[in-house]
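Report on the structure
If you want the building blocks of each chain, they are given just below.
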Amino acid sequence: MEKQMAIRLISLSILVIATAAAIDKSPKAVEKWFKNLPYAKQKTTKFHFYFHEIFAGDNETAPVIAQANITAQSPTFFGMVRMFDNPLTIGPEPNSRKVGRAQGIHGATSMTEIALFFDFNFVFTTGPYNGSTLSVVGRVAESQEYRELPIIGGSGIFRLAQGVATAKTYFSNNTTVIVEYNIIVRHY
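My aim in this report is to walk through the structure given alongside it, one point at a time. (Residues numbered from 1 in each chain as written. Predicted model: local features only at pLDDT ≥ 70, side-chain atom pairs only at ≥ 80, totals over all residues. Heavy atoms only, no water.)

A tally of helices and strands in the protein chain yields two helices and nine strands. Along the protein chain, helices and strands appear, N-terminal first, in the series α-α-β-β-β-β-β-β-β-β-β. Considering only intrachain contacts with a sequence separation of at least 6, the fraction spanning at least 24 residues in the protein chain is 49%. Of the roughly 11500 Å² that the protein chain leaves accessible, carbon and sulfur atoms contribute 59%. (Helix = DSSP H or I, 4+ residues; strand = E, 2+ residues; numbered from the N terminus. Contact = heavy atoms within 4.5 Å. Areas by Shrake-Rupley, 256 points an atom, 1.4 Å probe, with all protein chains shown as cover.)

In structure tokens, the structure reads:
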């Protein structure tokens, strides 16, 4: 009996702690958050993880959703648009621990080089940032070793976030690309 009571108390404590750690996203809570913003201390957070995109095969995470009439003849895939939902992992191995998803859209925007326009969110699904997002918009020129993308906002813990995502191709073949991301972001 005492053992069951102790287990129930521990479970209840975990539930209370988890609920207290969650960010209230109601309109009144957001308004209160903004009123307190002048007194908030800005924080800097760094991340390092890998983005896994599969664009062909059974486990495709980035299907083509549109393409121009000239895409098939274009050496740069100009006009091809993909929607993606790619896993984010701690290490480069596909079975590495997942920390979230990259969800969004990219399209080939250059007729002279392989370059993509990206509009997506890093969606965190574990740990202290679970449920929070970082919003990214920018251009990626595949010929560059390091590609810099601006972080233009976020949600949850990352409300009003600003920062930079640096991307570097770790691995690429005919069906898969693995991209290493280093993120530095300021938030409140």
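Of all hydrophobic cores here, the largest spans 28 residues; its most connected members are F49, F120, F122, L134, Y181 and I183. Those elements giving two or more residues to this core turn out to be strand 1 (43-54), strand 3 (81-89), strand 4 (98-108), strand 5 (115-124), strand 6 (133-141), strand 7 (147-155), strand 8 (162-172) and strand 9 (176-187). With residues up to four places along the chain from it excluded, the contact list for I183 reads T45, K46, F47, F49, F122, L134, I151, V164 and A165. (Core = buried A, V, L, I, M, F, W, Y, C linked by side-chain atoms within 4.5 Å. Buried < 20%, exposed > 50% of the residue type's maximum accessible area, 1.4 Å probe, protein only.)

Turning to the pairing of strand 7, a few remarks are in order. By the bridge criterion, four bridges tie strand 6 to strand 7 in an arrangement that is antiparallel. If you follow V136 over to strand 7, its bridge partner there is I151. A loop of five residues connects strand 6 with strand 7, the two strands running antiparallel in sequence. Relative to strand 8, strand 7 runs antiparallel, the two being bridged by five bridges. Residue E148 lies in a different strand from strand 8, and its bridge partner there is T166. In this structure, the hairpin formed by strand 7 and strand 8 is closed by a connection of six residues, where G156 is found at a positive phi of approximately 65°. (Pairing = 2+ DSSP bridges.)

Moving on, we get to the packing of aromatic side chains. Tallied over the full model, the rule gives 20 aromatic pairs. Between F49 and F124, the ring centres sit 6.3 Å apart and the planes meet at 75°, which makes this aromatic pair edge-to-face. One end of the pair, F49, is in strand 1; the other, F124, is in strand 5, and 75 residues separate them in sequence. Each member of the pair, F49 as well as F124, carries the same accessibility label: buried. For the ring pair F49 and Y181, a centre distance of 6.3 Å and an interplane angle of 35° mean the geometry is tilted. Highlighted residues: F49 in strand 1 and Y181 in strand 9, separated in sequence by 132 residues. Assigned by exposure class, F49 and Y181 land together as buried. In textbook terms, an aromatic cluster arises when at least three aromatic residues are bridged by ring pairs, as seen for F47, F49, F51, F84, F118, F120, F122, F124, Y129, F158 and Y181. (Phe/Tyr/Trp six-rings, centres within 6.5 Å; stacked < 30°, edge-to-face > 60°.)

Moving on, we come to the environment of H187. By the element assignment, H187 lies in strand 9. Residue class for H187 comes out buried when judged on its relative accessible area of 2%. Taking the C-alpha atoms as reference points, H187 and G154, 33 residues apart in sequence, are found 8.9 Å from one another. Not counting residues up to four positions away in its chain, the partners in contact with H187 are K41, Q42, K43, T45, I157, F158, R159 and A161. A polar atom in the side chain of H187 sits 3.4 Å from the backbone oxygen of I157. (Polar contact = N/O pair within 3.5 Å; in protein donor to acceptor, adjacent residues only side chain to side chain.)

Of note, the phi angle at F77 is positive, near 65°, even though the residue is not glycine. Within the secondary structure layout, F77 lies in the loop between strand 2 (64-66) and strand 3. Backbone geometry places L160, a non-glycine residue, at a positive phi of 60°. Looking at the secondary structure, you find L160 in the loop between strand 7 and strand 8. Judged by relative accessible area, L160 falls into the partly exposed class, the value being 39%.

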